[in-house]
Amino acid sequence: TQPQINEGKWIDGWILYLHFFNSESNKYLSLDCTKLENIPFSKHTEVFSSSFSHSICLPPKALRINASACDPGLTLSLFTMSTQKWRHQGWALLQFLMVCGSHTEEPACKQTGDHENPQLFKNGDIMLGGIFSFHSSWKNSQDEYNQKPQQLQCTSLHFRDFQFAQAMRFGIEEINNSTELLPGITLGYNVYDTCGSIARSVKVALSLVNGNEGKASPLKACSKPAQVQAIIGETSSSPSTAIAAVLGPFHIPIISHFATCACLSDKSKYPSFLRTIPSDYYQSRALAHLVKHFGWTWIGAVRSNDDYGNSGMATFTETAQQLGICLEYSVSFFRTDPTGKIQKSIDIIKASTSKVIVAFLSPMDLDVLLREFSQNNLTGYQWVGTEGWIFDYQTATIDVNHILDGAVGLSIPKAHISGFREFMLDFWEALFSCKLKQSQTEEIQRECTGHEDLTGVENGFTDMSLMPIVNNVYKGVYAVARALHNILKCNKTCDTSILQHIQKIQFKTKEGDEVYFNENGDPPAKYEIINWQPRENNTVEFVYAGLYDVSLPADKQLTLHDLAPLFVQVPVSVCSEKCPPGTRKMLQRGKPVCCYDCMRCAEGEMSNVTDSITCVKCLAEFWSNERRDACVKKEELFLSYEEIMGALFTAASLFGTCLTAAVAFIFFRYRKTPLVRANNSELSFLLLFSLTLCFLCSLTFIGRPSEWSCMLRHTAFGITFVLCVSCVLGKTVVVLMAFKALSPGKRVIKMFGPTQQRLSVLGFTFVQVIICILWLTLSPPFPIKNFKEYKDKIILECSLGSAVGFWSVLGYIGLLAVLCFIFAFLARKLPDNFNEAKFITFSMLIFCAVWITFIPAYVSSPGKFSVAVEIFSILASSFGLLICIFIPKCYIMLLRPESNTKKSMMAKRPPKAF
């Protein structure tokens, strides 16, 4: 019977006092033993644990334990731990482990579970462990929990990992035969088969650490060192994470040769895990860049439903999204999944439109998938593979339907281990008592067939396609041996932790491969790009196609050779065709970003790259071309000499100038005739000169506007027209005064003689000059580019600068013209023989009509047409003055000279109504 523990009572001759001391209240609290439940008890060993109620629970820092009156033969160990943070009204779990021992030899540590025997074993001074998957699957069994579960039944011989185990043996044999590395010390090994099961992996890992004795160990064995100094394996990521999590707290090095999950780089979770193969963090990113390089933006993804596939695909998906690659689907499965679940994944792939499949699969899972593809007759896909299967010769052999032909992916760089192939052949011959090759000098023995108890693996034993992974196992063994060698030769102050020595190791193998680990326990990342090329006799050649080196700059990490040998034509896998230049992508509602429509850029916008997401607006001086793939300079509109309208105005201006010069010549030729003398020849010549300037000033409005032309055209126009109208006004006043002076006693003609006429013209013109000077000084006209009138054209024009200045110049001209018209109108009833006033009236009528209509036409005309309106007004008014005033006189002088006499001029005729 198990005696009850009561305070102060004897327990088999020993008394134990336990007190809880509260430092805050300075009181001792006795242990309430009634709170203990289900205490396993024996004479010499008591192990109990209990949860105490809040009434006696104290903060850990205020807890003290006082033990006294113990027998000298009693060994007492007390441990306390709390499984949760202290809360004011919470529960705390205090676990006590008491181990009391006496002089008896009864076993205290007992192994539970079935005994595990290693598949490969060799004794040695220092033992290493090996965990591999000689089988790729197992039979699922339903546990009813009414009896002990059966042993795992492994199926599907997996020869790859058997080869990896031989690489471990080969490395150990080399080290044992070496005189430089670990001289005088023999390495042994225990190698277990896990069948790919995570649970079995953990079980054999614990067997490697604890030992595997068939009967209970003595008490001292509970604290003995680990049976192995390091473990080589596991091959897959998920078993490796489980093993590393269990053995990590014991700091037993675990060196994997093929577990690539990026999660294993987390040293806070897996402090003792290292590997000789790069992390999938780099491979996943490299695969995304490889897919992007070939322009595959619409892809599917298949992954193993384990840490390797899920973690690697997560990193690939993240990088792919950053590169603009879309996943139409991403399915996962495991080789032991029911057929119905795998068929669902096949149905998703069959219904998809993408033609590229990124397969983050282990070789065992890929074998299952290939069988399903063959049964469903699925072909024509471009496969992108990982290092797990892309260079696996056995996978290529299984692919009898050529589903994977043309596959491209990443592999570990090629490697070579001298002597390993011969070692494998020797092992096979020794294991099956046969000869692979017969020699004439040797005794005739049974010839090896390559199928000895390994049904289904044809000539696989000598296949060295997995040499890069074999080399990883080899490097892992040597890393452990180097670390042990350094520990054995260091002094007493040297750190004896084998894990820390392995983490700091750096050496080169006999083949020249450098081995070291970074702070995450990972080697440097470098991958070869492999392409599957089908050859004759249904064989596949792994063609080297490029390199991905993480140590290089980002833009030089991916290097691909000429693609011509790889593909007859690069496959296309896109959701939407590329948008050509001149268009932009518009996403389709409810679909990934890779599915879009191509929309043509709007006017004034362009895109000059393929698959542009936006159209760029052209600069103000540019406009998109018809294809919308470039911005071309806008057409500049201004009245030029080359265009028809400019040429006509230029011709009219020159014609007017020549006509004025001809009239001036005629007047000069007949300057002594009564008609010229009676018309005040001095003002007539000055008027002809001003008309010449008026015709010529119209030319300043033609051509590309510049700063000087803008200032010159308006000021020249204003001053010359004021000069012209002033002369006409002077002639009108002279005519009017001359006839008024005929009356007796009138002296008006004396008040407006030649001097006064000159001063009046000069005075009127000077006022206009002052206005123009003020205009040019305060706010002169300047050239501008008008973008408002036309979207695709630029109007080059002159800004008025100051609108007040412009309208002041024009208004002053209008004022003089109105005065001239009034005076001419007053002299309309003069004798017919002297009809100067009538002609002036007609000329001023035309002048005023032209400039009155100019105002609305000028304001409403855009661009160069406003300039044309102004030129037309200048020419029309100039021709009006020239024709009305001078042409009739030229007609008389040239065609009717008899009328050009003083008698004819002085003859009186009755006035006619006007």
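Given the structure is predicted, the values throughout are model-derived calculations rather than measurements.

Asks: Explain the overall build of the chain to me, please; I cannot follow it from the model alone.
Replies: Check the secondary structure of the chain and you find 21 helices and 31 strands. Across the 914 residues that make up the chain, the buried fraction comes to 48%. Partitioning the contacts of the chain with sequence separation of at least 6, the portion at a separation of at least 24 is 68%. For the chain, the exposed area adds up to about 46600 Å²; of that, 57% sits on carbon and sulfur atoms.

Asks: Got a minute to help me understand the UniProt feature "transmembrane region" (unreviewed entry) in the chain in this structure?
Replies: As annotated in UniProt, the feature "transmembrane region" (unreviewed entry) corresponds to residues 644-670, 682-703, 715-739, 759-778, 806-827, 839-859 and 871-895 in the numbering used here. Segment residues 839-859 splits into 100% helix and 0% strand. End C-alpha atoms: 31 Å apart.

Asks: I would appreciate a short explanation of the sheet that holds strand E5 (residues 120-122) in the present structure.
Replies: Where strands meet in a sheet, backbone hydrogen bonds hold them as pairs that are either parallel or antiparallel. Taking strand neighbours across the sheet as the criterion, the six strands line up as E5-E9-E6-E10-E11-E12 in an open arrangement whose pairing is mixed. In the strand order of this sheet, the two ends are held by E5 and strand E12 (273-275), each with one partner. Bridging between strand E6 (residues 126-132) and strand E10 (residues 231-232) involves two bridges; their strand directions are parallel. Along E10, the bridge assignment pairs Gly 130 with Ile 232. Together, E5, E6, strand E9 (187-193) and E10 form the strand contacts of helix H1 (residues 159-176), whose direction differs from that of E9 by roughly 175°. Each of E6, E10, strand E11 (254-256) and E12 touches helix H3 (residues 237-247); the most contacted strand, E11, lies at about 165° to it.

Asks: How should the pairing of strand E31 (residues 793-799) be read in this particular structure?
Replies: In regular strands, side chains alternate between the two faces of the sheet. Here E31 lies mainly inside the structure; six of its seven residues are buried. Two elements, strand E29 (residues 635-637) and E31, share three bridges in a ladder whose sense is parallel. Within the sheet, the bridge partner assigned to Leu 637 lies in E31 and is Ile 795. Where strand E30 (residues 782-786) lies against E31, five bridges are found, and the strand directions are antiparallel. Bridge pairing links Pro 783 to Cys 798 in E31. The turn linking E30 back onto E31 is made up of six residues.

Asks: What am I meant to see in the side chain of Glu 797 here?
Replies: Counting through the fold element by element, Glu 797 comes out in strand E31. Despite its burial, Glu 797 remains without a salt bridge, the nearest opposite charge being carried by Arg 713 at 8.4 Å. Within the local environment of Glu 797, its side chain forms a polar contact with the side chain of Asn 786, the two groups lying 3.2 Å apart. Setting aside residues up to four positions removed in sequence, Glu 797 forms contacts with Pro 705, Phe 782, Pro 783, Ile 784, Asn 786 and Gly 863.

Asks: Whenever I open this one, the state of the cysteines confuses me. Can you help?
Replies: Each disulfide is one covalent bond, formed between the sulfur atoms of two cysteines. According to the stated counting rule, one finds eight disulfides in the structure shown. The side chain of Cys 261 participates in a disulfide bridge whose partner is Cys 263; the two sulfur atoms lie 2.3 Å from each other. Measuring the twist about the S-S bond at about 130°, one finds the Cys 261-Cys 263 disulfide to be right-handed. When its relative accessible area of 28% is taken as the criterion, Cys 263 is described as partly exposed. Residue pairing for Cys 601: its cysteine sulfur links by disulfide to Cys 615, the two sulfurs lying 1.9 Å apart. Between Cys 601 and Cys 615 the disulfide shows an S-S torsion of about -75°. By sign, it is left-handed. Of this pair, Cys 601 sits in the loop between strand E24 (596-600) and strand E25 (605-606) while Cys 615 sits in the loop between E25 and strand E26 (616-617), placing them 14 residues apart in sequence.

Asks: What is the right way to look at the packing of helix H6 (residues 339-351) against helix H7 (residues 363-375) in this model?
Replies: Axes are the key here: two packed helices are described by the angle between their axes and the distance separating the axes. Running from N to C, H6 and H7 cross one another at 65°; their axes reach a closest spacing of 11 Å. Relative to H7, H6 is oriented so that their crossing is right-handed. Contacts between H6 and H7 pair Thr 339, Ile 342, Gln 343, Ile 346 and Ile 349 from the former with Val 368, Leu 369, Glu 372 and Phe 373 from the latter. Looking at the contact of H6 with H7 residue by residue, the class counts come to six nonpolar, two polar and one charged.

Asks: Any chance you could explain the side chain of His 257 here in plain terms?
Replies: Among the structural elements, His 257 can be located in the loop between E11 and E12. For His 257, a relative accessible area of 1% corresponds to the buried category. Of the polar contacts made by the side chain of His 257, one reaches the side chain of Thr 235; its length is 3.1 Å. Setting aside residues no more than four positions away along its own chain, His 257 makes contact with Phe 132, Phe 164, Gly 233, Glu 234, Thr 235, Thr 276, Ile 277, Ile 469, Asn 472 and Val 473.

Asks: Help me understand the sheet that holds E31, please; the structure alone is not making it clear to me.
Replies: In spatial order, the strands read E29-E31-E30; together these three strands make up an open sheet with mixed pairing. Every other strand in the sheet has two partners, leaving E29 and E30 as the edge strands with one partner each. For this sheet the average axis-to-axis angle between neighbouring strands, irrespective of direction, equals 30°.

Asks: What exactly am I supposed to notice about the environment of Lys 633 here?
Replies: For Lys 633, the position within the fold is in strand E28 (residues 631-633). Along the backbone, Lys 633 and Phe 622 are eleven residues apart, and their C-alpha atoms lie at a distance of 4.3 Å. Every residue in contact with Lys 633, bar those within four places of it in the chain, is listed here: Glu 621 and Phe 622. A distance of 3.3 Å separates the side chain of Lys 633 from the side chain of Glu 621, its partner in a polar contact.

Asks: I keep staring at the nonpolar core and nothing clicks. Help me out?
Replies: Within soluble globular proteins, side chains that are nonpolar tend to cluster in buried spots. Met 168, Phe 373 and Trp 383 are the most contacted members of the largest nonpolar core, which totals 105 residues. With 13 residues, helix H10 (residues 467-489) is the largest single contributor of residues to this core. Ignoring any residue separated from it by four or fewer positions in sequence, one finds Met 168 in contact with Leu 128, Gly 129, Gly 130, Phe 132, Tyr 189, Val 191, Ile 232, Val 473 and Val 477. Counting 64 residues, the second-largest nonpolar core is a separate cluster that includes Leu 639, Phe 695, Cys 697 and Val 725.

Asks: I tried to follow the confidence of the model for the chain on my own but got confused; where do I start?
Replies: Low-pLDDT portions of the prediction should not be read for the details of their coordinates. Counting all residues, the mean pLDDT for the chain is 79, and 77% of those residues have values of 70 or more. Per-residue pLDDT stays below 50 along residues 1-107; that stretch engages in 136 contacts with residues further than four places along the chain or on separate chains. Considering only residues more than four positions removed or in separate chains, one finds that residues 454-460, a stretch of pLDDT under 50, has nine contacts.

Analysis parameters
Every chain begins its residue count from 1, and numbering advances along the sequence as written. Only residues with pLDDT of at least 70 get local features here, since the model is predicted, and only at 80 or more are side-chain atom pairs given and counted; chain-wide, interface and lining totals rely on the full set of residues. No hydrogens and no water enter the side-chain calculation; it runs on all heavy atoms of the structure. Labels follow the DSSP assignment, with helices taken as runs of H or I lasting at least four residues and strands as runs of E lasting at least two, numbered in each case from the N terminus. When accessible area is computed with a 1.4 Å probe and restricted to protein chains, residues below 20% of their type maximum are described as buried, those above 50% as exposed, and intermediate ones as partly exposed. Pairs of residues are marked as contacts when any of their non-hydrogen atoms sit within 4.5 Å. Note that accessible areas follow from Shrake-Rupley with a 1.4 Å probe, and for residues the cover is restricted to the protein chains shown. UniProt positions are given in the numbering used here, feature names are shortened, and annotations may be inferred rather than shown by experiment. In this scheme, strands are said to pair when DSSP sees at least two bridges between them. Axes here refer to lines fitted to C-alpha atoms; in helices the fit is confined to the stretch in contact. Angles between the N-to-C directions go from 0 to 180 degrees. In summary, the charge assignment counts Lys and Arg as positive and Asp and Glu as negative, without counting His or the chain termini. Salt bridges are counted wherever a side-chain nitrogen of Lys or Arg sits within 4 Å of a carboxyl oxygen of Asp or Glu. Here a polar contact means two N or O atoms within 3.5 Å. Within protein one must be a hydrogen donor candidate and the other an acceptor candidate, and residues neighboring in sequence count only if both atoms are side-chain atoms. Cysteine sulfur atoms are paired as a disulfide whenever they fall within 2.5 Å. Take the far helix as your reference; a near helix turned counterclockwise from it by less than a right angle gives a left-handed crossing, and one turned clockwise gives a right-handed crossing. When residues are grouped by polarity, Ala, Val, Leu, Ile, Met, Phe, Trp, Tyr, Cys and Pro land in nonpolar, Asp, Glu, Lys and Arg in charged, and all others, Gly among them, in polar. Side-chain atoms within 4.5 Å link the members of a nonpolar core, which is a set of buried Ala, Val, Leu, Ile, Met, Phe, Trp, Tyr and Cys residues. Known as pLDDT, the predictor's per-residue confidence is scaled from 0 to 100.

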